[in-house]
Amino acid sequence: MSFTIASRLADLPRPATIAMAARARELKVQGADVISLALGQPDFPSPPEAIEAAYAAAKAGDTGYPPIPGQKPLIDAIIRKLRRDNALDVTSDRIMVANGGKQVIFNALMASLEVGDEVIVPAPYWVSYPLITRMLGGVPVEIRCREENGFRPDPEAIREAITPRTKWLVLNFPNNPTGAILERQDLEAIADVLREAPHVLVMSDEIYE
Ligand SMILES: Cc1ncc(COP(=O)(O)O)c(C=O)c1O
């Protein structure tokens with residue numbers, strides 16, 4: 001029996017980050033002195049206390065399925081963190097733990113995008129936003145962020161990009177790859193635009209907080 005990759009995957013390009021990482025590995029094997037900035041691999045190991053706690057929990061038999069939204073002590077710790085660091089009072093029914101950022105972004109887009117729905121992605125961007133959007137039949141709409149503007153998105157460009165088909169605006173700050181951050185007044189200007197377009201959802205990817 002022959003196996004073919006479904007066209008929704010086969011028609012997508014290989015992510016540039018994966019290709020760059022593979023090329024860097026190849027060159028390293030050939031003896032080249034390479035500093036690869038392709039994958040966001042942390043340059044520190046997992047904290048020993050986290051490794052010990054995971055090991056101890058597994059040894060104590062905590063190896064079954066957790067509740068779907070996450071373990072209660074973890075959710076409570078997230079609530080404390082949001083209160084302490086972000087001045088946000090969030091109740092547990094608003095929190096969901098997932099196995100990483102990519103999974104939760106994929107799930108959110110899969111659960112919400114109809115074919116032809118548009119996702120506004122400020123560029124430069126982490127490569128997966130437009131790829132996941134296209135995989136699910138959505139249409140990525142890029143808006144350019146200019147270097148002279150600190151790579152922050154221009155609220156007017158966001159306004160112009162919004163159409164009746166816009167489903168999401170993706171914000172990623174601190175940004176991969178530019179490192180840009182948004183100040184309060186930047187967010188307020190974007191919020192003013194979004195108040196006029198209540199059909200647009202905001203995905204704020206703050207993975208590098
Ligand atoms: C901006 C951004 N969001 C999400 C992710 C995905 O993170 P995870 O490895 O937790 O799936 C990455 C990883 O590179 C990223 O750069």
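Residues numbered from 1 in each chain as written. Predicted model: local features only at pLDDT ≥ 70, side-chain atom pairs only at ≥ 80, totals over all residues. Heavy atoms only, no water.

**Q** I'd like a rundown of the nonpolar core, residues and numbers included.
**A** With 15 residues, the main nonpolar core has Ile120, Ile158, Ile162, Leu169, Ile190, Leu194 and Val200 as its most contacted residues. If you list the elements that add at least two residues to this core, you get helix H7 (155-161), strand S3 (166-172) and helix H8 (184-195). Apart from the residues lying within four places of it in its own chain, the contact partners of Ile120 are Val141, Ile143, Ile158, Ala161, Ile162, Thr166, Trp168, Leu169 and Val170. Residues Tyr129, Ile132, Val170 and Met203 belong to the second largest nonpolar core, which totals eleven residues. (Core = buried A, V, L, I, M, F, W, Y, C linked by side-chain atoms within 4.5 Å. Buried < 20%, exposed > 50% of the residue type's maximum accessible area, 1.4 Å probe, protein only. Helix = DSSP H or I, 4+ residues; strand = E, 2+ residues; numbered from the N terminus. Contact = heavy atoms within 4.5 Å.)

**Q** Before we move on, can you summarise the pairing of strand S4 (residues 201-205) with the specific residues and values?
**A** As defined by bridge partners, S3 adjoins S4 across five bridges and the pair is classed as parallel. From the neighbouring strand, Leu169 faces S4, where its bridge partner is Val202. In terms of handedness, the path from S3 via H8 over to S4 forms a crossover that is right-handed. (Pairing = 2+ DSSP bridges. Right-handed = clockwise from strand over helix to strand, strands pointing away.)

**Q** Tell me about the domain arrangement of the protein, and name the residues and values.
**A** Assigned domains within the protein: domain 1 (67-97) and domain 2 (99-209). Using only C-alpha atoms to locate each centre, domain 1 and domain 2 end up separated by 24 Å. (Domains from an automatic or database assignment.)

**Q** If you had to explain the sheet that holds strand S2 (residues 139-144) to someone new, which residues and values would you point to?
**A** Within a sheet, adjacent strands bond to each other through the backbone by hydrogen bonds, running parallel or antiparallel. Ordered in space as S2-S1-S3-S4, the four strands form an open sheet in which the pairing is parallel. Every other strand in the sheet has two partners, leaving S2 and S4 as the edge strands with one partner each. Averaged over neighbouring strand pairs, the angle between their axes works out to 25 degrees when direction is ignored. Relative to S3, strand S1 (residues 118-123) runs parallel, the two sharing three bridges. Residue Ile120 lies in a different strand from S3, and its bridge partner there is Leu169. (Axes fitted to C-alpha atoms, helices over the stretch in contact; angles between N-to-C directions.)

**Q** Outline helix H3 (residues 48-59), supporting the account with residue identities and numerical values.
**A** Here H3 spans 16 Å end to end across twelve residues, near enough to the 16 Å set by a 1.5 Å rise per residue. Among the residues trailing H3, Gly61 stands out with phi positive, at a value near 100 degrees. (Expected span 1.5 Å × (residues − 1).)

**Q** Talk me through the site of the ligand; I want residue IDs and the actual numbers.
**A** All residues in the neighbourhood of the ligand are listed as Gly100, Gly101, Lys102, Trp126, Tyr129, Asn172, Asn176, Asp205, Ile207 and Tyr208. Here an oxygen atom of the ligand sits 2.7 Å away from a polar atom, N or O, in the side chain of Asn176. Here the ligand has 390 Å² of accessible area as a free molecule, and 74% of this is covered by the chains. For the ligand, the cavity whose grid points lie within 2 Å of the majority of its atoms is the second largest pocket. (Near = heavy atom within 4 Å. Polar contact = N/O pair within 3.5 Å; in protein donor to acceptor, adjacent residues only side chain to side chain. Areas by Shrake-Rupley, 256 points an atom, 1.4 Å probe, with all protein chains shown as cover. 1 Å grid on protein atoms, 1.4 Å probe; cavity = no way out; pocket = protein on both sides within 12 Å on 5 of 7 lines; lining within 4 Å. Sits in = over half its atoms within 2 Å of the grid points.)

**Q** Outline helix H5 (residues 101-112), listing residues and values.
**A** Here H5 contains twelve residues, and its C-alpha end-to-end distance of 17 Å stays within 8% of the 16 Å for a straight helix at 1.5 Å per residue. Residues Ile105, Leu109 and Ser112 constitute the buried set of H5. Down the axis of H5, the buried set is contained in an arc of 80 degrees. They therefore lie on one face. Packing partners of the buried residues in H5 comprise helix H6 (128-135), S3 and S4. (Arc of directions from axis to C-beta.)

**Q** Account for the pattern of salt bridges, with residues named and values stated.
**A** This model, assessed by the stated rule, comprises 13 salt bridges. In this structure, Asp117 engages Lys167 in a salt bridge whose closest nitrogen and oxygen atoms are separated by 3.0 Å. In this pair, Asp117 is assigned in the loop between H5 and S1 and Lys167 in strand S3, connecting sequence segments 50 residues apart. Given the relative accessible area of 7%, Asp117 is considered buried. With a shortest N-O distance of 3.7 Å, Arg144 and Glu142 are connected by a salt bridge. Residue classification places Arg144 among the exposed residues on the basis of a relative accessible area of 56%. Given the relative accessible area of 45%, Glu142 is considered partly exposed. When salt bridges with common partners are traced through the structure, they connect Asp117, Arg165 and Lys167 into a single cluster. (Salt bridge = Lys/Arg side-chain N within 4 Å of Asp/Glu carboxyl O.)

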